2 protein chains.
Amino acid sequence: MTERLAIIDLGSNSARLIVMHIYHNDAYNLVYHQKEIVRLSEGAGESRVLSKEAMWRAINSLKVFAHMCELVQADKILAVATAAVRNAHNGQEFLQLVYQHTGIPLQAISEETEALLGYIGVINTIDVKDALLFDLGGGSTEVTLIRDRQPLEMLSIPYGSLNLTEMFGTSDKITEEKLNEMRNFVMGYLHRHTWLKNLSLPVVGIGGTARNIAKMDQKRKNYPFPKVHNYRLGPMAFEELWYALIKTNLTQRRKFPGLSNERADIIIAGTTIAKSLLDVSRGTSLAISGCGVREGMFLKYYLERKGQKEIIPDILAHSTHNMLLFYKGNESHHYHIAGLAASMFDGWQPVHKLGSREKSLLNVAALLHDIGIAINYYDHARHSAYLVENARLFGLTHREQMLAAVVAGWHSGYSAKYVRHKLYSEFLDQADWQVARRLALILALAESLETTQMGLVRKVEATIAADQAHLKLITDDPVVIERQAVVQHKKWFKKELGVDLVVV
Amino acid sequence: MTERLAIIDLGSNSARLIVMHIYHNDAYNLVYHQKEIVRLSEGAGESRVLSKEAMWRAINSLKVFAHMCELVQADKILAVATAAVRNAHNGQEFLQLVYQHTGIPLQAISEETEALLGYIGVINTIDVKDALLFDLGGGSTEVTLIRDRQPLEMLSIPYGSLNLTEMFGTSDKITEEKLNEMRNFVMGYLHRHTWLKNLSLPVVGIGGTARNIAKMDQKRKNYPFPKVHNYRLGPMAFEELWYALIKTNLTQRRKFPGLSNERADIIIAGTTIAKSLLDVSRGTSLAISGCGVREGMFLKYYLERKGQKEIIPDILAHSTHNMLLFYKGNESHHYHIAGLAASMFDGWQPVHKLGSREKSLLNVAALLHDIGIAINYYDHARHSAYLVENARLFGLTHREQMLAAVVAGWHSGYSAKYVRHKLYSEFLDQADWQVARRLALILALAESLETTQMGLVRKVEATIAADQAHLKLITDDPVVIERQAVVQHKKWFKKELGVDLVVV
């Protein structure tokens, strides 16, 4: 059943609305996103009372969201408030005001729930087994230790980019003394939690500060792809960025490449928390997640609806399947092709010498190589490449996603012209291009075996014998057309893999 | 009501199937295309009897099509046969065989119907007022004189690329004598129709030969965009191509860049007919149409279904609207933005100095600037640009479509980085980039006025006074948010148009 879900997340700094659409076939997609800066905790200070001005800023923003929910015909609204409301003495009063004026059933969630939702958002969209996760908001930072994809420890730090800025007055130019004071305060807090120390794990960051770290680093490196989710920096690169930031005053930060204007005052405090987490835990890298609490809320809802557990076993397979459904691909046909491709990949491994990561890229490309038809049937291979490149696929690095895109684009023969454009070349080197050609060759053979889309070639047996690659077609029919189609790729096969292809 | 239409067209040389999908909201799209070479008229010769072999080749291909129609769950099959069947003594017998063995209700259509369907396919997808249209098939060539978008004269030449090749034996190397003989034969035939002579009109070509002319010319010129529909060549360029072709033998032609293998034997005869038509009529240019009889059949059906006439008054508006619906855009919101943009365009014409063509590009970009959301909400401006670039929009040149794409991509501010990639740069020069920036500026202002998507700014009055551009917002509300959003573009406005923007 089709369903539109509006998800609202009211933080200390900003309010956000996303709208997710679930289609008839269970495919889902994000169809709207809106952000309003509300600074709800501003001026709450030690007394922990939300100010009238701040409350009305938030209510006015939520009014706009409520209107938008109507406009997009949302069937359901899930709305949560985090630290600012949770910690305020007048939090309940505020929630009632919100309901009265906007009709939004906003609920304050606990630190544990917030951490858990962030964890669900990340674990289902980034391929990590063991990692330290932090969700850095305006008024608190949720930290989760992930072991074997499970949450092992959790910690809620009652400081975020906004209240830490207020505490230490770091919105403009900052003296070394001031900085050290803030730094020591945060480090001291973290050091009390011994499980955090010396973990030597990858660190994953959620939240506006984290996303902005990615954007600033991308600007510094002239990164060619405007994608934040699963963007990775080394600890040194992050340190350099942080040093560059702390030297600036507010005016300079307003022009700092990649830094959003509305975050210029609170970025010092925000990045200092992140830096301290990396330092204490000896983080080996920093990955940014574009998915957090909101996506966690959605996935929890979506997976429950399907009667599934909240942790997806194979996020790449899941998100690839979702894309195939979203673009209305012919499921049985494409899974059949993917199966044939996998058999050939396995059987001819001694010749192509590629590994399991490449095999999963082949699978993605095999399942999605026709989705470009949704854009324009003519030239659809090129459109498939574009869609794979930009699809919400999870469990791949940016480079791997580019590689899968190229393979999808070459599914009926490789051409440097339209696929090897600038963007791909920034990510892929000579060796990658060879991988892409080999995977594309296997995909082209698999597709040839399904020319009539009738599943006539039920299975294949791919073997290597006497310097020849054998392909045995298991079928009940003569499969004249399929055989012709396969044979056309013999020359390419020889050129690419150096052995003859014999179809039996 | 949603509907899937399979359209089959059995010619003398090839059989083709397209599947068109009409969605709930009346948007339509091509979802499948298949071609089989059948050479149905091969060996029919003077006796005009379809050979057994040829008939069975066609029936086997149609069987595959019938299977595909089932697979894609077509609700209806419209199937026509042209010259080969129409002219054969055993045509009726063949049609019965087809029905017996495939269930496809194939019908032979007259020359007039064929010409009319081709005309409908072209007039609704290429922006021509007066032109000479030819549909060059394997066994006949339908010629239509279009005046004021209406068919004025029609002529069916009983020769096409296949039977003319057989008549003159021009499948391989051709002597000058042979060539002259064939040329004189065709020219002689054409000269008998005096209305054809010295028309001095653009010529539009349909059919496989015509499409192949485009592809060969694109290869010669290293054309950066793989799109055939509405591709244009000058008469000189076509002449050069023809001279290059007639010098080759079959083996050489099999490697001729852009020429499809299966057409290498019949291309000399095919291009000679086209060349003769251009010569006799003194054609001023040759445009290739990727749409012909099949698209004509679809559009006739689709427009009748909607109770509309078979000639769409404004093909650009129609196809833009179709794309907006296809990508599930918010109709009222986007038409409102387009209206606001048009008012500003008109009011500030003395400053931006752009004309009516640019105004229609602005309209396209305004209506389609959000369709990229269908790919990925994040970074959707870039995706909108990609979709506009590749959309089945009709009534634009390739260059104009690129320009509209860039404007859509820049709808929230211009950035050279992701839009100014190689492909666009091949089509657009300095002046074009300026046009794009100016249109994008107006679009950005219009979008700002619709920030809350509530239509609060009902209308605008844009005027020029005392070296300032005035923008008066007609509204019943204070529109605080909209006003803020507009004001943000003041700097850009001044930079781009050299005058100050004053919002009143």
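What you see is a predicted model; the values in this text were computed from it and never measured.

Concerning the overall build of chain A
(1) Moving on: Looking only at helices and strands, chain A features 22 helices and 14 strands.
(2) Moving on: In terms of overall size, chain A behaves like a compact globule, its C-alpha atoms giving a radius of gyration of 26 Å where 504 residues would be expected to give roughly 23 Å.
(3) Moving on: By its C-alpha atoms, chain A is 80 × 50 × 40 Å across when sized along the principal axes.
(4) Moving on: When each of the 504 residues of chain A is scored for burial, the buried share is 60%.
(5) Moving on: Pairs at least 24 apart in sequence give 70% of the contacts found in chain A among residues at least 6 apart.
(6) Moving on: Carbon and sulfur atoms provide 50% of the accessible area of chain A, an area that totals close to 19,900 Å².
(7) Moving on: Seen as two clouds, the 57 positive and the 53 negative side-chain charges of chain A have centres 4 Å apart.

Some details on the packing of aromatic side chains
Residue and element names in this part refer to chain A.
(1) Moving on: For the structure shown, the criterion picks out 33 aromatic pairs over all chains.
(2) Moving on: With centroids separated by 5.9 Å and ring planes inclined at 90°, the aromatic side chains of Tyr-159 and Tyr-189 adopt a geometry described as edge-to-face. Placement of the pair is Tyr-159 in the loop between β8 (150–157) and α5 (161–168) and Tyr-189 in helix α6 (residues 176–191), with a sequence separation of 30 residues. Accessibility assignment for this pair places Tyr-159 and Tyr-189 in one class, buried.
(3) Moving on: Judged by centre distance (6.1 Å) and plane angle (85°), the rings of Tyr-377 and Tyr-378 are edge-to-face.
(4) Moving on: Since its relative accessible area comes to 12%, Tyr-377 is described here as buried.

Observations concerning the sheet that holds strand β13 (residues 468–475) of chain A
All names here are of chain A.
(1) Moving on: One open sheet holds the three strands; their spatial order is β12-β13-β14, and the pairing between them is mixed. Either end of the sheet is taken by a strand with one partner, and the two such strands are β12 (457–465) and β14 (500–503). Each strand of the sheet is rotated relative to its neighbour by a mean of 20°, with strand direction disregarded.
(2) Moving on: Bridge count for β13 against β14 is four bridges, and the pairing is parallel. Bridged to His-470 within β14 is Val-502.

Thoughts on the UniProt feature "domain: Ppx/GppA phosphatase N-terminal" (unreviewed entry) in chain A
(1) Moving on: Within this numbering scheme, the UniProt entry marks residues 28–301 of chain A as carrying the feature "domain: Ppx/GppA phosphatase N-terminal" (unreviewed entry).
(2) Moving on: Taken end to end, residues 28–301 of chain A is 47% helix and 19% strand, and its first and last C-alpha atoms sit 12 Å apart.

Notes on the interface of chain A and chain B
(1) Moving on: Contacts between the two partners involve 39 residues from chain A, matched on the other side by 40 residues from chain B.
(2) Moving on: Buried area between chain A and chain B, both sides added, is near 3,400 Å², and the carbon and sulfur share of it is 52%.
(3) Moving on: At the boundary of chain A and chain B, one finds zero salt bridges.
(4) Moving on: At the surface where chain A touches chain B, the tally comes to ten residue pairs in polar contact (both at pLDDT 80 or more).

Topic: helix α10 (residues 267–281) of chain A
(1) Moving on: Helix length check: α10 of chain A, at 15 residues, gives a terminal C-alpha distance of 21 Å against a target of 21 Å (1.5 Å per residue), a fit within 8%.
(2) Moving on: Backbone geometry just downstream of α10 of chain A places Arg-282 of chain A in the positive-phi region, at approximately 50°.

Regarding the domain arrangement of chain A
All names here are of chain A.
(1) Moving on: Along its sequence, chain A is organised into domain 1 (3–109), domain 2 (112–289) and domain 3 (315–503).
(2) Moving on: Using only C-alpha atoms to locate each centre, domain 2 and domain 3 end up separated by 39 Å.
(3) Moving on: Overall, the association of domain 2 and domain 3 removes approximately 1,100 Å² of surface from exposure, summing both partners, and the carbon and sulfur fraction of that is 62%.
(4) Moving on: Among the residues domain 2 hides against domain 3, the three largest losses belong to Pro-224, Phe-225 and Lys-227. Together they make up 45% of the total.
(5) Moving on: The tally of links between domain 2 and domain 3 comes to one salt bridge.
(6) Moving on: A salt bridge links Arg-357 to Asp-127; the nearest nitrogen and oxygen atoms lie 4.0 Å apart.
(7) Moving on: Seen at the junction of domain 2 and domain 3, the total is four residue pairs in polar contact (both at pLDDT 80 or more).

Remarks on the state of the cysteines
Residues and elements named next belong to chain A.
(1) Moving on: Tallied over the full model, the rule gives zero disulfides over all chains.
(2) Moving on: This cysteine, Cys-69, is not joined by any disulfide, and Cys-291 carries the nearest cysteine sulfur, 20 Å off.
(3) Moving on: Taking relative accessible area as the criterion, Cys-69 reaches 5% and is therefore assigned buried.

Focus on the environment of Val-80 of chain B
All names here are of chain B.
(1) Moving on: Position of Val-80 relative to the elements: it lies in strand β4 (residues 76–81).
(2) Moving on: Here Val-80 falls in the buried class, since its relative accessible area comes to 7%.
(3) Moving on: In the structure, Val-80 is positioned 217 residues away from Met-297 in sequence and 9.4 Å away in space, judged by C-alpha atoms.
(4) Moving on: When sequence neighbours within four positions are dropped, the list of residues in contact with Val-80 reads Ile-8, Asp-9, Leu-10, Leu-106, Gln-107, Ile-109, Val-293 and Met-297.

Examining the relation of the copies chain A and chain B
(1) Moving on: Between the two copies, chain A and chain B, the superposition gives an RMSD of 0.0 Å; the rotation angle is 180° and the shift along the axis is 0.1 Å. Expressed as an axis order, the relation between the two copies is that of a two-fold axis.
(2) Moving on: Interface overlap between copies: 100% of the residues of chain A at the interface are likewise at the interface in chain B, consistent with a symmetric, same-surface contact.

Things to note about the pairing of strand β3 (residues 28–37) of chain B
Residues and elements named next belong to chain B.
(1) Moving on: The buried count for β3 comes to seven of ten residues, which makes it a mostly enclosed element.
(2) Moving on: The sheet contact formed by strand β2 (residues 14–22) and β3 spans nine bridges and is antiparallel. Its bridge partner lying in β3, His-21 is registered against Asn-29.
(3) Moving on: Where β2 hands over to β3, the hairpin turn is made up of five residues, of which Asp-26 adopts a positive phi near 75°.

Considerations on the sheet that holds strand β12 (residues 457–465) of chain B
Residue and element names in this part refer to chain B.
(1) Moving on: Pairing is mixed in the open sheet, where three strands are placed in the order β12-β13-β14. For this open sheet the edge positions go to β12 and β14 (500–503), each flanked by a neighbour on one side alone. When the angles between neighbouring strand axes are averaged without regard to direction, this sheet yields 20°.
(2) Moving on: Across the face of the sheet, helix α21 (residues 480–487) comes into contact with β12, β13 (468–475) and β14 while running at roughly 175° to β14.

The rules behind these values
- Residues numbered from 1 in each chain as written.
- Chains lettered and ligands numbered in written order.
- Predicted model: local features only at pLDDT ≥ 70, side-chain atom pairs only at ≥ 80, totals over all residues.
- Heavy atoms only, no water.
- Helix = DSSP H or I, 4+ residues; strand = E, 2+ residues; numbered from the N terminus.
- Rg over C-alpha atoms; globule rule 2.2 N^0.38 Å.
- Buried < 20%, exposed > 50% of the residue type's maximum accessible area, 1.4 Å probe, protein only.
- Contact = heavy atoms within 4.5 Å.
- Areas by Shrake-Rupley, 256 points an atom, 1.4 Å probe, with all protein chains shown as cover.
- Lys, Arg positive; Asp, Glu negative; His and termini not counted.
- Charge placed at Lys NZ, Arg CZ, Asp CG, Glu CD.
- Phe/Tyr/Trp six-rings, centres within 6.5 Å; stacked < 30°, edge-to-face > 60°.
- Pairing = 2+ DSSP bridges.
- Axes fitted to C-alpha atoms, helices over the stretch in contact; angles between N-to-C directions.
- UniProt positions renumbered as here; feature names shortened; annotations may be inferred.
- Buried area = accessible area lost by both parts, 1.4 Å probe.
- Salt bridge = Lys/Arg side-chain N within 4 Å of Asp/Glu carboxyl O.
- Polar contact = N/O pair within 3.5 Å; in protein donor to acceptor, adjacent residues only side chain to side chain.
- Expected span 1.5 Å × (residues − 1).
- Domains from an automatic or database assignment.
- Disulfide = S-S within 2.5 Å.
- Least-squares fit on C-alpha atoms with pLDDT ≥ 70 in both.

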